[in-house]
Amino acid sequence: MTDLLHLNLKRPALALTLSLVLWVVSASAAPALSSTHSSRADFGRNAYPIWSPLSFFERQTIGERHAAETGDPDALLALYIMASGRHSLDDYKRIKQQIDHYVKTLKDHTDGVLDPWQQGEILNRTMHHSFFRSPEPKDDEDSQSKPPSNYNLDQSQLTGIFQNNLFNCISSSLLYAVLARHLGLEGLGVMLPSHAFIQLNFENGKTAEVETTSPLGYDQHHDAEFYQRAADSWFNPRGLAPSSYNDYLDRELISFWQLGTRNMLHQHTHPGRMNDVNRGRLAEISAFLDPSYEAAQINRMHYYTTEASNMAKHQQWPSLARFFSHVMENLTIDTERFNHNEPLQNSFFWLNLLAIDAYAQTQQLAPTLSYIQQSMNLAFNSERLERAQNKSLSALNTLLKHFVAEQDFNSGLYAINALESYSSEHPHFVKSLNWFYNQWAKALWDQKLWGDATATLEDYLAQPYLPANLKDTHNNLAGAYQNWIIAELELHNLDGAKAITEQCEIQHFGLTLCQKARDEITVYETVNPKKATKAAPAQLPGT
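What you see is a predicted model, and the numbers here were worked out from it, not measured in a lab.

Caption draft 1: Region of the structure containing the overall build of the protein chain. Summing up its helical and strand segments, the protein chain has 23 helices and 4 strands in all. In the protein chain, buried positions account for 54% of the 543 residues. Partitioning the contacts of the protein chain with sequence separation of at least 6, the portion at a separation of at least 24 is 68%.

Next up, the structure:
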């Protein structure tokens, strides 16, 4: 550890701090789940609305998020380590031990000797020397215009500092924030489109802006000349888009904990540097911890649409239904914040449609109905309304096919009644009902339950959704009545057979539907009942 007493506290006349381009995961780089995790048995198994599997350290860190929000340095450290990627509690303990030793040494030499403003300055210098292994800086123009030797454009992980002493503007800002909070210093993160640094706030109202990428970066004066020099010496030679003074004037000030959630979208999460599972998990955690940050919501939404699409493609319906059960309530609340973002809203609408499929395929009627209602509520134009109605009928057909296969016709009828108001205007709704009722009647026909088969077809004809051509249904109903009459006459129940036939003729006045049933009675009556010829049962026409 550096002897802190021998560090020069003289403020340089000018320290041109080098900027760094931040990499935010774009919508086009949405993560996709590796096929090796296709079972997803360990997904959605935590207490948070996060689909990805979480380690013990991650669950603990998320659970202590409120401590991080209040500026607790240990909670911030855990958050920043989690933002670096997949790390364990042992990683946290190892890094914390190094930080605790540094902080103790710094406090031993500065408490009661330096005021908070001076502590902020020596902190930036000693941080470079102790953690980045940077030599004591010179106050000459050449030193001020060059990056420290350990500066690395893409090293945006806090953990990377402790692995190889490399840093960029975001990773150095993260470390400075943790150390500053250990000293009781208050501050904020400063975000520009292609740069980040720290602003300390003191009780007397004074502030100090800390360009953490340079040991000479304390309390820099940010003006147009400063940014022009930075562009000439750093950005332009490297073909990078420079931060400008206008960017500085429009800078975003965020809390130290938000530095951590933003870090989950930086360079180290690029597809070439982090696998899809880890990228998807960080996208989820970032959006959950900071629901106000639009970029995080976009990244999470792209992860979810990719993940859900993959499960649907492989017909992993139970897993997909569990996915929606686990994340959609929270996602709905967060997405409502960004009604202006049309792509985000379109993706959310698509997820609602897919949820209808997932719950219908797993025969969960209540959530199927809920997501149909939600989709209808989101259908603010004719194109969306048509898609929602199509999906509603598709869900009904899925449910009916299952219930018919299981011979659970009462549940099928319940599904029809539940979805009628959402599906009945679809041109194929009539066909779905015709198929279902005729399948129901056929199942009863096969069991020779002629009265029940007849009643089922009569119920069908009594409801309002009928096709123009009822020939097949009428033929089936005529056959059911005929067979019912034959069964009654075999029991020599002539009065019962007549009552059934009369009811048929009243019900279908003017049709020939009941004629075959009447003919069976005529034959029976013309022959001695005890010697009546046994009638051949009618055959069910094609359904």
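Having seen the model, we can carry on.
Caption draft 2: Spatial organisation of the environment of A455. As for its position among the elements, A455 is in helix α20 (residues 450-462). According to the relative accessible area criterion, A455 is partly exposed, its value standing at 35%. Put simply, A455 and Y481 are 26 residues apart on the chain and 9.8 Å apart in space, counted from C-alpha to C-alpha.

Caption draft 3: Quick peek at the packing of aromatic side chains. Counting across every chain of the model gives 26 aromatic pairs. With a centroid separation of 5.7 Å and 75° between ring planes, the pair formed by F436 and Y437 is classed as edge-to-face. Taking relative accessible area as the criterion, F436 reaches 0% and is therefore assigned buried. A connected cluster of aromatic rings, assembled from ring pairs, spans F43, W51, Y303, Y304, F323, F324, Y359 and Y371. Over the ring of Y293 we find R262, and its NZ or CZ is 3.6 Å from the ring centre.

Caption draft 4: Structural context of the pattern of salt bridges. Within the structure shown, the criterion is met by 17 salt bridges. A salt bridge links D357 to K391, with the shortest nitrogen-to-oxygen separation between them at 2.8 Å. Within this pair, whereas D357 is found in helix α15 (residues 342-361), its partner K391 is found in helix α17 (residues 382-405), the two being separated by 34 residues in sequence. Its relative accessible area of 14% is what places D357 among the buried residues. Three or more residues joined by partner-sharing salt bridges are found here, namely D74, K96 and D100.

Caption draft 5: Local environment of unusual backbone geometry. For Q315, which is not glycine, the phi dihedral falls at a positive 55°. Topologically, Q315 is positioned in the loop between α13 (294-313) and α14 (317-335). One non-glycine residue, H492, adopts positive backbone phi at about 60°.

Caption draft 6: Examining the packing of helix α5 (residues 116-131) against helix α8 (residues 169-182) more closely. In contact at an axis separation of 11 Å, α5 and α8 are set at 125° when each is read in the N-to-C sense. Here α8 runs oblique to α5, going by the angle between their axes. Helix-helix and strand crossings are classified by hand; for α5 and α8 the assignment is right-handed. Along its contact with α5, which presents G120, L123, N124, M127 and F131, the element α8 presents S172, L175, Y176, L179 and A180. Along the lines of polarity and charge, the residues of the contact of α5 with α8 split into 7 nonpolar, 3 polar and no charged.

Caption draft 7: Highlighting the pairing of strand β2 (residues 195-201). For β2, the tally of buried residues reaches 6 of 7 residues, placing the bulk of the element in the interior. Strand direction decides the pairing type here: strand β1 (residues 186-192) and β2, joined by 7 bridges, are antiparallel. Of the residues in β2, the one forming a bridge with L192 is H195. In this structure, the hairpin formed by β1 and β2 is closed by a connection of 2 residues. As paired elements, β2 and strand β3 (residues 207-210) share 4 bridges and run antiparallel to each other.

Caption draft 8: Summary view of the confidence of the model for the protein chain. Per-residue pLDDT for the protein chain has a mean of 88; in total, 87% of the residues score no lower than 70. Between residues 1-37, whose pLDDT stays under 50, and residues either more than four places distant or in other chains, the model counts 123 contacts.

Caption draft 9: Examining the nonpolar core more closely. Ranked by size, the top nonpolar core spans 71 residues in total, and within it L320, F323 and F324 carry the most contacts. Among the elements that make up this core, the one with the highest residue count is α15 (11 residues). Those residues in contact with L320 that lie beyond four places of it in its chain are A308, M311, A312, L354 and A358. Listed in part, the 62 residues of the second largest apolar core include L54, F167, Y218 and L282.

Caption draft 10: Representation of the state of the cysteines in the model. One pass over the structure, following the stated rule, counts 1 disulfide. Through a disulfide, C504 is tied to C514; the S-S separation comes to 1.8 Å. With the S-S dihedral at roughly -85°, the linkage between C504 and C514 falls on the left-handed side. Separated by 10 residues along the polypeptide, C504 in helix α22 (residues 494-507) and C514 in the loop between α22 and α23 (515-526) bring together distant segments of the chain.

Caption draft 11: Focus on the packing of α20 against helix α21 (residues 471-490). Here α20 crosses α21 at 150°, and the two axes come no closer than 9 Å. In terms of orientation, α20 lies roughly antiparallel with respect to α21. Note that α20 runs across α21; the crossing there is left-handed. Contacts from W450, G451, T454, L457, E458, Y460 and L461 in α20 reach T473, H474, N476, L477, A480, Y481, N483, W484 and A487 in α21. Each residue belonging to the contact of α20 with α21 can be placed in one class, and the counts come to 9 nonpolar, 6 polar and 1 charged.

Caption draft 12: Highlighting the sheet that holds strand β4 (residues 252-254). Read across the open sheet, the 4 strands follow the order β3-β2-β1-β4; overall the sheet is antiparallel. For this open sheet the edge positions go to β3 and β4, each flanked by a neighbour on one side alone. Within this sheet the neighbouring strands show an average axis-to-axis angle of 30°, counted without direction. In terms of strand pairing, β1 meets β4 through 3 bridges, oriented antiparallel. Counterpart to M191 in the pairing with β4 is E252. Packed on one face of the sheet, α8 meets β1, β2 and β3 and runs near 20° to β2. Here helix α11 (residues 256-263) sits on the sheet and contacts β1, β2 and β4; the angle it forms with β1, its principal contact strand, is near 35°.

Caption draft 13: Molecular detail of the environment of Q315. Q315 sits in the exposed class, given a relative accessible area of 59%. Distance in space between the C-alpha atoms of Q315 and A358 is 8.9 Å, their sequence separation being 43 residues.

Caption draft 14: Seen up close, helix α19 (residues 429-446). Its 18 residues place the ends of α19 26 Å apart at the C-alpha level, agreeing with the 26 Å of an ideal helix rising 1.5 Å per residue. Listing the buried residues of α19 in full gives F429, S432, L433, F436, Y437, N438, W440, A441, A443, L444 and W445. Of the surrounding secondary structure, the elements contacted by the buried residues of α19 are α17, α18 (409-423), α20 and α21. K448 lies just past α19 and shows a positive phi near 60°.

What counts, and where the lines are drawn
- Residues numbered from 1 in each chain as written.
- Predicted model: local features only at pLDDT ≥ 70, side-chain atom pairs only at ≥ 80, totals over all residues.
- Heavy atoms only, no water.
- Helix = DSSP H or I, 4+ residues; strand = E, 2+ residues; numbered from the N terminus.
- Buried < 20%, exposed > 50% of the residue type's maximum accessible area, 1.4 Å probe, protein only.
- Contact = heavy atoms within 4.5 Å.
- Phe/Tyr/Trp six-rings, centres within 6.5 Å; stacked < 30°, edge-to-face > 60°.
- Lys NZ or Arg CZ within 6 Å of the ring centre and 35° of its normal.
- Salt bridge = Lys/Arg side-chain N within 4 Å of Asp/Glu carboxyl O.
- Axes fitted to C-alpha atoms, helices over the stretch in contact; angles between N-to-C directions.
- Parallel < 35°, antiparallel > 145°, perpendicular 65-115°, else oblique.
- Left-handed = near helix turned anticlockwise from the far one by under 90°.
- Nonpolar A, V, L, I, M, F, W, Y, C, P; charged D, E, K, R; others polar.
- Pairing = 2+ DSSP bridges.
- pLDDT = per-residue confidence, 0-100.
- Core = buried A, V, L, I, M, F, W, Y, C linked by side-chain atoms within 4.5 Å.
- Disulfide = S-S within 2.5 Å.
- Expected span 1.5 Å × (residues − 1).

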